[in-house]
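# Summary of structural features
Residue strings, one per chain:
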Amino acid sequence: MSLTQEQVRRIAHLARIEISDAEADATRDQLNGIFALIEEMQAVDTRGVAPMAHAQEVAQRLREDRVTETDQRTDFQAIAPETEAGLYLVPKVIE
Amino acid sequence: MNQWEIVIGIETHVQLSTRSKIFSGASTAFGAAPNVQACAVDIALPGVLPVLNKGAVDCAIRFGLAVGARIAPKSVFARKNYFYPDLPKGYQISQYELPVVLGGGIPIQIGQGENAVEKIVELTRAHLEEDAGKSLHEDFHGKSGIDLNRAGTPLLEIVTEPVMRSSAEAVAYARALHALVRWIGICDGNMQEGSFRCDANVSVRRPGQPFGTRREIKNLNSFRFLQQAIDYEVQWQIATLEDGGTIQQATVLFDPDSGETRAMRSKEDAHDYRYFPDPDLLPLVIDDAWIARARAAMPELPLAKRDRFVAEHGLSTYDASQLTASLETADYFEAALAVAGPALAKPCANWVTVDLAARLNREGREIGASPVSAAQLGGLVARIADGTISNSIAKKVFDALWNGEGASADEIIEKQGLRQITDTGAIEALIDEVLAANAAMVAEFKAGKEKAFNALVGQAMKATRGKANPQQVNELLRRKLG
């Protein structure tokens, strides 16, 4: 499997990454290199092997349902570009 | 030839009533000042890691048990990627290929009373996920304000198969699900606050044909809107198809003011979520011991309770269904019955489902906030049954209890002198007085006017201030006039 430049552009757009034509070409070559690696791995016979969701075969540790966080809004908002009335302000987005 | 079949599937976002968020220790309490309950994990500061809340998993297990579903021994959290300012990570943590709850079903009743039909709405799955924050678009000098208090609130998304065939069935399902999640204590069910939100997938087809193209109506937060939105959407789809048009798959919004649905402006890649397993979270493992503990802690479920009410108390299925519409109502009935005595199930059921329900409805109160307690109502029913008061006086006593005029029916009956007069001699004396005072009516009756008799009964009841048994007054009066 190999990617076209058009597919690379679409992936970049989905990830909101701006790339130039030259970068799109370079990225396509790199991604195609990765696909080559994946193809090699896919050649391995994995019949009868259950897929893993994580590299380690361990289970999620859980947290008791308790409120442990305190209000740190002032600290968090000190580094925000713009705030008002306790809200973070962002460029207008309406769908 | 003009027949269309309606096909509806529903996805519901149920906000779980945990104290803290699904992946952080921030509070989930409603109504706090903006962003004071949004911690470093919720606002996605770099380097933070999610830790799963056991309480949220407990809720999912309870739900799975309540609907007879399979609880997955191993389920996986996935990232659903999209960009929106109220989703600060750039992805929502959800479950995709391996959800925590699989299958199951919810029984619904369509129609009322004798004609009611039962149907099982099969569930596809239910999965755990986090809620997003809130965007406020008004009045910030052309900018949007973001409140992330809701970000990370645990949700259980419950998905049905496309098995509903009318808006009435869809509403019956939504109501049954709403009652169930409150019953098992996993959601407060507050629809105004967004704790229970439905999306409806709607399509139409000719019977026997494959499914038509569906449109998804998003974020319906009342049963009325659910009904109106589906009815409008169905009419629109049928009209479009009959005019020779085609339906494009789309996400639509319902506008309650116009009663119409309209397509959201959607970009071509809006649904390319690029799900993949979240490397920050290990698989969720639920062992048999955990499921057994959850099962032991489950309350008796609505249908089991309904059937028990029928079998144990001889109630009709209809009455028993009304009484098991919510856990609060069922508890109230059982507490009232405990005071009234086991023989009085039917009158207790009537008082709870008719008189009390009407009064609560009129004053916009929930049964949990009823001024008349279950014990007070049970005491009242007992006094009717043993003949201390008549049914009409009982309504007076009920009002008095509602207004807090006494601690019990007995106290009000004594204090206000409402005890039924059963002494025949006393009633006869009163009737004699009435006959003497209303000679004209007596003459009319004797001239053959039956109406005059009713007027005389009225006068006699008035003279006893409603405390005589009307049946007895009737008989005595007829004998005297006879």
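Residues numbered from 1 in each chain as written. Chains lettered and ligands numbered in written order. Predicted model: local features only at pLDDT ≥ 70, side-chain atom pairs only at ≥ 80, totals over all residues. Heavy atoms only, no water.

## So, the overall build of chain B
Stated formally: Each helix corresponds to a stretch of at least 4 residues labelled H or I by DSSP, and each strand to a stretch of at least 2 residues labelled E; elements are numbered beginning at the N terminus. The quantity called the radius of gyration is restricted to C-alpha atoms. Its globule counterpart is 2.2 Å times the number of residues to the power 0.38. Any pair of residues with heavy atoms lying within 4.5 Å of one another is described as a contacting pair. In short, Shrake-Rupley with a 1.4 Å probe defines the accessible areas, and a residue's cover is counted only from the protein chains shown. Charged residues are defined narrowly, with Lys and Arg counted positive, Asp and Glu counted negative, and His plus the chain ends left uncounted. Every charge is mapped onto a representative atom, which is NZ of Lys, CZ of Arg, CG of Asp or CD of Glu.
Summing up its helical and strand segments, chain B has 15 helices and 18 strands in all. Taking 482 residues into account, the globule formula puts the C-alpha radius of gyration at 23 Å, and chain B, at 30 Å, lies well above it. Overall size of chain B, expressed as C-alpha extent along the three principal axes, is 95 × 55 × 50 Å. Long-range pairs, those at least 24 residues apart, make up 68% of the contacts in chain B with a sequence separation of at least 6. Summed over its atoms, the accessible surface of chain B is roughly 22,100 Å², and 51% of this surface lies on carbon and sulfur atoms. With 51 positive and 59 negative side-chain charges, chain B shows a spacing of 2 Å between the two charge centroids.

## Quick look at the overall build of chain A
This is how it is decided: Think of it in three bands: residues with accessible area under 20% of the maximum for their type are buried, residues over 50% are exposed, and the middle band is partly exposed, with areas taken using a 1.4 Å probe on protein chains only.
Along its length, chain A carries 3 helices and 3 strands. A globule of 95 residues ought to have a C-alpha radius of gyration of about 12 Å, yet chain A, at 22 Å, is considerably larger. Looking at chain A as a whole, 19% of its 95 residues qualify as buried. Partitioning the contacts of chain A with sequence separation of at least 6, the portion at a separation of at least 24 is 26%. Counting only carbon and sulfur atoms, one obtains 54% of the accessible surface of chain A, whose full area is about 7,300 Å². Charge-centre separation for chain A: the mean point of 10 positive side chains lies 5 Å from the mean point of 18 negative side chains.

## Brief notes about the interface of chain A and chain B
Spelled out, the test is: Here's the idea: put two parts together, see how much 1.4 Å probe accessible area each one loses, and the total over both is what we call buried area. Salt bridges are identified by distance alone: a Lys or Arg side-chain nitrogen within 4 Å of an Asp or Glu carboxyl oxygen. Think of a polar contact as two N or O atoms within 3.5 Å of one another; within protein, one of them needs to be a possible hydrogen donor and the other a possible acceptor, and neighboring residues in sequence only count if both atoms come from side chains. In this classification, Asp, Glu, Lys and Arg are treated as charged, Ala, Val, Leu, Ile, Met, Phe, Trp, Tyr, Cys and Pro as nonpolar, and every other residue, Gly included, as polar.
Each partner contributes residues to the interface: chain A has 38 residues there, and chain B has 53 residues. Of the roughly 4,200 Å² buried between chain A and chain B on both sides combined, carbon and sulfur atoms contribute 58%. R10(A) serves as the salt-bridge partner of D272(B), at 2.8 Å between the closest nitrogen and oxygen. The interface formed by chain A and chain B includes 22 residue pairs in polar contact (both at pLDDT 80 or more). Secondary-structure elements contributing two or more residues to the side of chain A that touches chain B are α1 (5–14), β1 (62–63), α3 (73–78) and β3 (87–91) of chain A. When residues in the side of chain A that touches chain B are grouped by element, the largest group, 5 residues, is from β3(A). Grouping the amino acids of the side of chain A that touches chain B by side-chain chemistry returns 16 nonpolar, 7 polar and 15 charged.

## Some details on the nonpolar core
Across soluble globular proteins, nonpolar side chains show a tendency to be buried alongside one another. All names here are of chain B. The test is simple: Buried Ala, Val, Leu, Ile, Met, Phe, Trp, Tyr and Cys residues form a nonpolar core when they are joined through side-chain atoms within 4.5 Å.
Grouped together as the largest cluster of nonpolar side chains are 108 residues, with contacts concentrated most on F63, L128, Y173, L380 and V397. Top contributing element to this core by residue count: helix α2 (residues 167–183), with 9 residues. Apart from residues lying up to four places away in sequence, L128 is in contact with L16, I22, A56, V57, A60, F77, S94, Q95, V100, L155, L156 and L284. Among the nonpolar cores identified, the runner-up in size contains 19 residues, and L435, A452, F453 and A460 belong to it.

## Here's the deal with the sheet that holds strand β6 (residues 91–95) of chain B
Residue and element names in this part refer to chain B. In plain terms, the rule: Strands qualify as paired when DSSP identifies two bridges or more between them.
Sheet architecture is open: 3 strands sit in the order β6-β5-β17, paired in antiparallel fashion. Each of the sheet's edge strands pairs with one partner strand only, and the pair in question is β6 and β17 (276–277). One ladder, built from 5 bridges, connects strand β5 (residues 77–81) with β6; its direction is antiparallel. Looking at β6, one finds that R79 is bridged to I93.

## Brief notes about the environment of F30(B)
Residues and elements named next belong to chain B. For F30, the position within the fold is in the loop between β1 (5–15) and β2 (52–53). Exposure remark for F30: the relative accessible area of 54% places this residue in the exposed category. Separated by 44 residues in the primary sequence, F30 and K74 place their C-alpha atoms 32 Å from one another.

## Re the sheet that holds strand β2 (residues 83–84) of chain A
Read from one edge of the open sheet, 4 strands run β2(A)-β3(A)-β11(B)-β10(B), paired in antiparallel fashion. Single-partner strands in this sheet number two, and they are β2 of chain A together with β10 (134–140) of chain B.

## A word on the pairing of β6(B)
For β6(B), the buried fraction is high: 5 of the 5 residues fall into the buried class. Burial along β6(B) is two-sided: the residues Y91(B), I93(B) and Q95(B) and Q92(B) and S94(B) are all buried.

## Comments concerning the environment of L87(A)
Mapped onto the elements of the fold, L87(A) is located in strand β3. Taking the C-alpha atoms as reference points, L87(A) and R73(A), 14 residues apart in sequence, are found 9.7 Å from one another. Not counting residues within four places of it along the chain, the set of residues in contact with L87(A) comprises Q77(A), E82(A), P34(B), N35(B), L136(B), F140(B), G145(B), I146(B) and D147(B).

## Regarding the packing of aromatic side chains
Residue and element names in this part refer to chain B. Keep this limit in mind: Ring geometry is summarised as follows: Phe, Tyr and Trp rings, the Trp one being its six-membered ring, pair when their centres sit within 6.5 Å, and such pairs are stacked at plane angles under 30 degrees, edge-to-face over 60 and tilted between the two. Comment: the charge-over-ring label is applied if NZ (Lys) or CZ (Arg) is within 6 Å of the ring centre and within 35 degrees of the ring normal.
Tallying each qualifying case throughout the model produces 9 aromatic pairs over all chains. Geometrically, the ring pair formed by Y273 and Y275 is edge-to-face, given 6.1 Å between the ring centres and 80° between the ring planes. Look at Y275 and you get partly exposed, because its relative accessible area is 28%. Here the aromatic rings of W351 and F398 are separated by 5.6 Å at their centres, their planes lie at 45°, and the arrangement is tilted. Placement of W351 in helix α8 (residues 345–362) and of F398 in helix α10 (residues 391–402) is noted, with a sequence separation of 47 residues between them. Above the plane of the ring of W236 lies R215, whose end atom (NZ or CZ) is 4.0 Å from the centre.

## Observations concerning the environment of K446(B)
Residue and element names in this part refer to chain B. Turning to its location among the elements, K446 is positioned in helix α13 (residues 439–446). Note on K446: relative accessible area 59%, which makes it exposed. Placed 393 residues apart in sequence, K446 and N53 show a C-alpha to C-alpha distance of 82 Å.

## Comments concerning the packing of α8(B) against α10(B)
Residues and elements named next belong to chain B. Formally: Lines fitted to the C-alpha atoms define the axes, with helices restricted to the stretch that makes contact. Angles between their N-to-C directions range from 0 to 180 degrees. Should an angle fall under 35 degrees it is called roughly parallel, over 145 degrees roughly antiparallel, and 65 to 115 degrees roughly perpendicular, with every other angle called oblique. By definition, any crossing whose near helix is turned counterclockwise from its far helix by less than a right angle is left-handed, and any crossing with a clockwise turn is right-handed.
At their nearest, the axes of α8 and α10 sit 12 Å apart, and the two run at 50° to each other. In this view, α8 runs oblique relative to α10, as classed from their interaxial angle. Crossing hand, α8 versus α10: right-handed. Of the residues in α10, those in contact with W351, D355, L356, R359 and L360 of α8 are A394, K395, F398, D399 and W402.

## Things to note about the packing of helix α5 (residues 302–313) of chain B against helix α7 (residues 327–340) of chain B
Residues and elements named next belong to chain B. Contact pair α5 / α7: the axes reach a minimum separation of 12 Å and the direction vectors enclose 20°. Viewed along their axes, α5 and α7 adopt a mutual orientation that is roughly parallel. The handedness of the crossing between α5 and α7 is left-handed. In this structure, α5 contributes K305, R308, F309 and H313 to the contact, and α7 contributes L327, A330, F333, E334 and L337. For the contact of α5 with α7, the residue count by class is 5 nonpolar, 1 polar and 3 charged.

## Description of the side chain of N81(B)
All names here are of chain B. Here N81 lies in strand β5. What makes N81 buried here is its relative accessible area of 12%. Within polar-contact distance, the side chain of N81 engages the backbone oxygen of R274 at 2.7 Å.

These results come straight from atomic positions and should not be treated as a statement about function.
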